[in-house]
Amino acid sequence: MCGIVGYVGPRGSEAVLLGGLGRLEYRGYDSAGIAVLSNGLEARKRSGKLQELRDELVANPIHDGHTGIGHTRWATHGAPNDINAHPHLADDGKLALIHNGIIENYAELKAELLEQGTVFTSETDSEVAAHLVGRAFRETHNLTDALRVVVNRLEGAFTLLVLHADEPDVVVGARRNSPLVIGLGEGENFLGSDVAAFIEFTDKALAIGQDQIVTITRDNVAVIDFDGNSVTPEPFTVTWDASAATKGGWRSFMAKEISEEPAAVANTIIGRIKGERVDIDGIDAESLVSVDRIVILACGTAAYAGLVGKYAIEKWARVPVDVELSHEFRYREPVISDHTLIVSVSQSGETMDTLMAVKYAREIGARTLSICNTQGATIPRESDAVIYTHAGPEVAVASTKAFVAQVTALYLLGIAIGQANGKGDPAELAAAVRDLEATPTLLETVLQQGERIATMAKWMADTQAILLLGRHVGFPIALEGALKLKELSYIHAEGFAAGELKHGPIALIEPGQVVFVIVPSPRDPNSLHAKVVSNIQEIRARGARVIAIAEQGDAAVLPHADEVIPIPLASSFIEPLLAVVPLHLFSMELAAAKGLDVDQPRNLAKSVTVE
Ligand code: F6R
């Protein structure tokens, strides 16, 4: 939420900032702004998408300089208009500040400033920080010291970047529970909410810890903690290049990212399978033996990946697994022991709800493992261990390829625990390993149905509500499909466990109601196939229009479905990875048929860094 970029170096900062904001726009797109130091400080900001700011800069050019900060906003305090857009100016227009997060005690700080005669122009919590830093700078005459004074008074979550006309060629940043990374160049340095901000210029990065302040100049990077002690930040190299964060000829990031689902699975497995065993870098088998319970913490799509993982881990490792929404876990008194493994699942690694839940879990004595797609992110840094999903950068706001990578990582974990604790059936675990290796090729086959699915979506552009049914691992896929439909096409969509149908949801079925049904294989060892086919008959008898996602050649489904989207033959745990692809494609195509922006749906932002 909110994208942040800072630059000091020889390049024109306007282009660097706009390029970085373009790559960060998925984090928020209510408004955007930049501030640049040349002969004094100049700022431009505009509500709406980044293009509005670009147009403003053409109409009303800035005197470009070599030091600047830029921001793309997802509104929390104050409407998404020009005034509330960042940067916020203070100290007679000499200081500019941008902020990601929420300053929880802003009201009392604002009251203090108002009493001293400060004039506010916006309704944001962020402007309070700008005036506080301005006031502190007048006393300290040093931007780093001024920011340090202020961050120690702030409560909540924040990444702040500031620059000041009286201290040219310097950008100072601070973070608490909100992301900020440093990009290291030759004679230039960068700050960003994530590495996408500067990936065009450097793949060398430094991760900044919690409650730390960074000061960048052209040739120097200095990090201190909020007490002023010097800190050595952790270096890392970004493993993808700028081209991975571009559309690369695709019509949308989402189209590109769905096409990358096979690679997301393949890259998550790579190097982690040795013969028939799973060997995950950085996770030693010994540490898995004593795990007697797993709690998966995640939100949204990541939580649905967790639900798929639960079925597999319990089967393969014989360890009980609970899946809990991070924001619910944190505000009750969960029972955990030092043999409980908390597994957080997060694409961004920055979701505030999940981060806070992980911190809480650690405080109450659990071991924590992060499944994360973003290097240098906060959640893996706050966890005891990490399994990175190697899906590559996900730019479209709604998650697709990260989902299949998350399920894959959970499967690897389940197999690894089953092999370590000896409770899993060795032959079954070896088969699971082989099945995973074969999955990318099967996913490619499913993608070949893209055109047919696009045609179906066009016919259905006027559909107002869609129901989805699934059973066993098909149930979380129904939930994921429903979420994607809501997010992308703004229609009411609801996923149900097929077994629940008669317990209530069947009342929703009326003539013409579209229902997607994820049908288990007729070879399913639990014989759920027949039960789901019966469900299809029940809803069809009441006039539903059924679109079945079923195994290729499943003759029992054909007479009862209006459309069948076939998926290749696979084991029960690979089926959800295959069945989700048509739903991702359909959601995207339905949104496209309705003329909606599939990459940046309304009201959403990727990386939800506020509670
Ligand atoms: C849905 C979606 C969200 C995220 C959720 C968690 O398409 O993208 O539901 O899955 O906000 O985000 P991460 O995985 O970054 O923690």
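Analysis parameters
Residues numbered from 1 in each chain as written. Predicted model: local features only at pLDDT ≥ 70, side-chain atom pairs only at ≥ 80, totals over all residues. Heavy atoms only, no water. UniProt positions renumbered as here; feature names shortened; annotations may be inferred. Helix = DSSP H or I, 4+ residues; strand = E, 2+ residues; numbered from the N terminus. Disulfide = S-S within 2.5 Å. Core = buried A, V, L, I, M, F, W, Y, C linked by side-chain atoms within 4.5 Å. Buried < 20%, exposed > 50% of the residue type's maximum accessible area, 1.4 Å probe, protein only. Contact = heavy atoms within 4.5 Å. Near = heavy atom within 4 Å. Polar contact = N/O pair within 3.5 Å; in protein donor to acceptor, adjacent residues only side chain to side chain. Areas by Shrake-Rupley, 256 points an atom, 1.4 Å probe, with all protein chains shown as cover. Nonpolar A, V, L, I, M, F, W, Y, C, P; charged D, E, K, R; others polar. Domains from an automatic or database assignment. Axes fitted to C-alpha atoms, helices over the stretch in contact; angles between N-to-C directions. Parallel < 35°, antiparallel > 145°, perpendicular 65-115°, else oblique. Left-handed = near helix turned anticlockwise from the far one by under 90°. Salt bridge = Lys/Arg side-chain N within 4 Å of Asp/Glu carboxyl O. Buried area = accessible area lost by both parts, 1.4 Å probe. Phe/Tyr/Trp six-rings, centres within 6.5 Å; stacked < 30°, edge-to-face > 60°. Lys NZ or Arg CZ within 6 Å of the ring centre and 35° of its normal. Pairing = 2+ DSSP bridges.

Mind laying out the UniProt feature "domain: SIS" (unreviewed entry) in the protein, listing which residues take part and the relevant values?
UniProt records the feature "domain: SIS" (unreviewed entry) for residues 284-423 and 456-601 in the present numbering. Taken end to end, residues 284-423 is 46% helix and 20% strand, and its first and last C-alpha atoms sit 17 Å apart. Between the first and last C-alpha atoms of residues 456-601 the distance is 21 Å; the span itself is 36% helix and 20% strand.

Which residues make up the state of the cysteines, and what are the values?
Evaluated as defined, the whole model comprises 0 disulfides. The closest cysteine sulfur to the non-disulfide-bonded Cys 2 is located on Cys 299, 18 Å from its own sulfur. Take Cys 372: it sits in no disulfide, and the sulfur closest to it among the cysteines is that of Cys 299, at 13 Å.

Please provide a residue-by-residue account of the nonpolar core, values included.
Counting residues in each nonpolar core, the largest one holds 123 residues, and the members touching the most others are Ile 294, Val 343, Tyr 411, Ile 466, Leu 468, Phe 516 and Phe 586. Looking at this core element by element, the count peaks at 12 residues for helix α13 (residues 401-421). Dropping the residues within four chain positions of it, Phe 516 is found in contact with Ile 466, Leu 467, Leu 468, Leu 469, Ile 547, Ile 549, Ile 565, Leu 583 and Phe 586.

Just give me the short version of the site of the ligand, but keep the residues and values in it.
As a matter of local geometry, the ligand sits amid 14 residues, with Ser 346, Gln 347, Ser 348, Thr 351 and Glu 487 nearest to it. Ser 346 is positioned such that a nitrogen or oxygen atom in its side chain is 2.6 Å from an oxygen atom of the ligand. Contact distances for the ligand include 2.6 Å between an oxygen atom and a side-chain N or O atom of Ser 348. Expressed as a share of its isolated accessible area of 400 Å², the protein-covered part of the ligand is 87%. Among the secondary structure elements, those contributing two or more residues to the shell around the ligand are α9 (300-317) and α16 (474-489). By residue class, the composition of the shell around the ligand is 5 nonpolar, 7 polar and 2 charged. Composition of the shell around the ligand by domain shows at least three residues from each of domain 2 (247-446) and domain 3 (448-599).

Before we move on, could you go through the packing of α13 against helix α18 (residues 575-593) and cite the residues and values that matter?
Viewed as axis vectors pointing N to C, α13 and α18 meet at an angle of 170 degrees, and their least axial separation amounts to 10 Å. It follows that α13 is roughly antiparallel to α18 by the angle criterion. Of α18, the residues touching α13 (which contributes Phe 403, Val 404, Val 407, Thr 408 and Tyr 411) are Pro 576, Leu 577, Val 580 and His 584. When the residues that make up the contact of α13 with α18 are grouped by side-chain class, the tally is 7 nonpolar, 2 polar and no charged.

Any chance you could break down the packing of helix α15 (residues 450-459) against α18 for me, citing the residues and the numbers?
The N-to-C vectors of α15 and α18 enclose an angle of 45 degrees; their axes lie 8 Å apart at closest approach. When the axis of α15 is compared with that of α18, the two are oblique. Read as a crossing pair, α15 and α18 show a hand that is right-handed. Only Pro 582, Leu 585, Phe 586, Glu 589, Leu 590 and Ala 593 of α18 make contact with α15, whose side of the interface consists of Gly 450, Ile 453, Ala 454, Met 456, Ala 457 and Lys 458. Within the contact of α15 with α18, the residues separate by chemical class into 9 nonpolar, 1 polar and 2 charged.

Can you explain the pattern of salt bridges? Please cite residues and give values.
Summed over all chains, the structure comprises 31 salt bridges. Between Arg 135 and Glu 112 there is a salt bridge, and its shortest N-O distance comes to 3.0 Å. Taken together, the residues Arg 135 in helix α4 (residues 126-140) and Glu 112 in helix α3 (residues 106-115) connect sequence positions 23 residues apart. Taking the relative accessible area as the measure of exposure, Glu 112 reaches 24% and is therefore partly exposed. Here the salt bridges share partners, and the residues they tie into one network are Arg 46, Glu 56 and Asp 82.

Please set out the domain arrangement of the protein residue by residue, giving values where relevant.
Each domain of the protein was delimited in the assignment, giving domain 1 (3-244), domain 2 (247-446) and domain 3 (448-599). Spacing between the C-alpha centres of domain 2 and domain 3 amounts to 25 Å. Contact residues are listed per partner, giving 35 residues for domain 2 and 33 residues for domain 3. Between domain 2 and domain 3 lies a buried interface of about 2,900 Å² when both sides are counted; carbon and sulfur atoms form 72% of it. Counting the surface domain 2 buries against domain 3, the share from its top three residues, Tyr 304, Tyr 311 and Val 446, is 24%. The interface formed by domain 2 and domain 3 includes 1 salt bridge. Between Arg 251 and Glu 589 there is a salt bridge, with the nearest N and O atoms lying 2.7 Å from each other. Linking domain 2 to domain 3 there are 15 residue pairs in polar contact (both at pLDDT 80 or more).

Can you break down the packing of aromatic side chains residue by residue, with the values?
Per the stated rule, a full pass over the model turns up 9 aromatic pairs. Taken together, Tyr 7, Phe 190, Phe 198 and Phe 201 form an aromatic cluster joined through their ring pairs. Positioned above the aromatic ring of Tyr 490, the side-chain terminus of Arg 602 is 3.9 Å from the ring centre.

I'd like a rundown of the pairing of strand β3 (residues 40-47), residues and numbers included.
Bridging between strand β2 (residues 31-38) and β3 involves 8 bridges; their strand directions are antiparallel. Residue pairing for β3: Gly 33 is matched across the bridge by Lys 45. Taken together, β2 and the strand that follows it, β3, pair antiparallel across an intervening segment of 1 residue.

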